[in-house]
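# An overview of the molecular structure
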Amino acid sequence: MAAQFTKKDLSQLMNALARSVEARGEKMDLYIFGGAAFILDNQIAREVTSDVDAFVPNIDHRYMLRDLRQEVAKEQGVSNLWMTINANANLSAMVAKRDAYFTPALEELKTSGLSVYVLKPEVQLARKLLASVSTKQDRGQKDFEDIKKLAKTLDIKDGPGLIAVWDKHKGKMGESGRTLVEMDDKLKASTFIKGFRL
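Residues numbered from 1 in each chain as written. Predicted model: local features only at pLDDT ≥ 70, side-chain atom pairs only at ≥ 80, totals over all residues. Heavy atoms only, no water.

This part takes up the packing of aromatic side chains. Applying the stated criterion across every chain, the model contains four aromatic pairs. Geometrically, the ring pair formed by F144 and F192 is stacked, given 4.2 Å between the ring centres and 15 degrees between the ring planes. Of this pair, F144 sits in helix 7 (residues 137-153) while F192 sits in helix 10 (residues 191-194), and the two are 48 residues apart along the sequence. With respect to burial, F144 and F192 carry one shared label: buried. Counting every residue linked through ring pairs, the aromatic cluster contains Y31, F102 and Y117. (Phe/Tyr/Trp six-rings, centres within 6.5 Å; stacked < 30°, edge-to-face > 60°. Helix = DSSP H or I, 4+ residues; strand = E, 2+ residues; numbered from the N terminus. Buried < 20%, exposed > 50% of the residue type's maximum accessible area, 1.4 Å probe, protein only.)

Here's what the structure looks like:
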C-alpha cells in the first residue's frame, strides 16, 4: 500500500529536510507541485498525498537533494520514494517568473536553510487539465477529482471557465507545436469539460 502523507507529515518531512540543508551550510529553494502542493496550499481541500513532487533549479542542489531525501527517509522512517525530484526544464521557466507561478508555503519551517514554494492553484489547474487528456484512464479519474477541487477553490462553475484557464496557460507547460494542437483539441472535445458544472 502506498504511503499517505498528511499536512502534518509533510511539515515534519520539510522541517527534517530543512535541518539537513542547514547542517550542510546551504540555503535551498524547493518548488512543490502536484498533490503535496494542494495540501501545503491552505486554499485547496485535500487531506493526503502519496509523495512530494519537487523541483530544485540549482543543479548542484538537485544532486544534494537526492542524498538528503534518503537521510530524511531514514530519520523519519518513510520510503526513499517520499519525494520525486523533477528535472523538467519547463519548470525552470516557471521558476524564472516565480511570483507569477508560485507562492511561499510552510512559514512555520524552523530553520532558515530551506524556502518552500508551491504552484499556484490556477497553474495547478492548467497542468491537471493537460494531464486529464494525456494520461491513462485510471489516472485521468484522479485528475478529474483534483480539477473539481481546484475549480471550487478558484470559484469556476463550468466548462468554459476551465477552458479559460487552459487558454491562459497553454504553451507554457512544455507542450508545443503539434502536441499543443492535439491537447487543445482533446481538451475542448472532452465530455468531462463539456459537462462540467459545480
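Contact geometry for helix 1 (residues 7-23) and helix 3 (residues 59-76): axes closest at 9 Å, N-to-C directions at 125 degrees. With respect to each other, helix 1 and helix 3 are oriented oblique. Two packed elements cross with a definite hand, and for helix 1 against helix 3 that hand is right-handed. Facing Q12, L13, A16, L17, R19, S20 and V21 of helix 1, the residues of helix 3 in contact are L65, L68, E71, V72, E75 and Q76. Considered class by class, the residues forming the contact of helix 1 with helix 3 number seven nonpolar, three polar and three charged. (Axes fitted to C-alpha atoms, helices over the stretch in contact; angles between N-to-C directions. Parallel < 35°, antiparallel > 145°, perpendicular 65-115°, else oblique. Left-handed = near helix turned anticlockwise from the far one by under 90°. Contact = heavy atoms within 4.5 Å. Nonpolar A, V, L, I, M, F, W, Y, C, P; charged D, E, K, R; others polar.)

Next up on the list: helix 1. For helix 1, which comprises 17 residues, the first-to-last C-alpha distance of 24 Å matches the rise-based estimate of 24 Å (1.5 Å per residue) to within 8%. Those residues of helix 1 that sit buried are L10, S11, L13, M14, N15, A16, L17, A18, S20 and V21. Note on helix 1: the residue one or two positions beyond its end, G25, has a positive phi of about 70 degrees. (Expected span 1.5 Å × (residues − 1).)

Now for the nonpolar core. In this structure, M14, L17, L30 and M83 are the most contacted members of the largest nonpolar core, which totals 32 residues. For this core, the element with the most residues is helix 1, which contributes seven residues. For M14, the contacting residues outside a window of four places in its chain are L30, V52, W82, M83, L106, L109, L114 and V116. Counting residues in hydrophobic clusters, the runner-up holds 20 residues, among them A126, F144, V165 and F192. (Core = buried A, V, L, I, M, F, W, Y, C linked by side-chain atoms within 4.5 Å.)

A separate point is the pattern of salt bridges. Counted under the stated rule, the structure contains twelve salt bridges. The residue E71 makes a salt bridge to R24 at a minimum N-O spacing of 2.9 Å. In this pair, E71 sits in helix 3 while R24 sits in the loop between helix 1 and strand 1 (28-33), placing the two residues 47 residues apart along the sequence. What makes R24 partly exposed here is its relative accessible area of 38%. Connected through salt bridges with shared partners, the residues D167, K170, D184 and K188 form a single ionic network. (Salt bridge = Lys/Arg side-chain N within 4 Å of Asp/Glu carboxyl O.)

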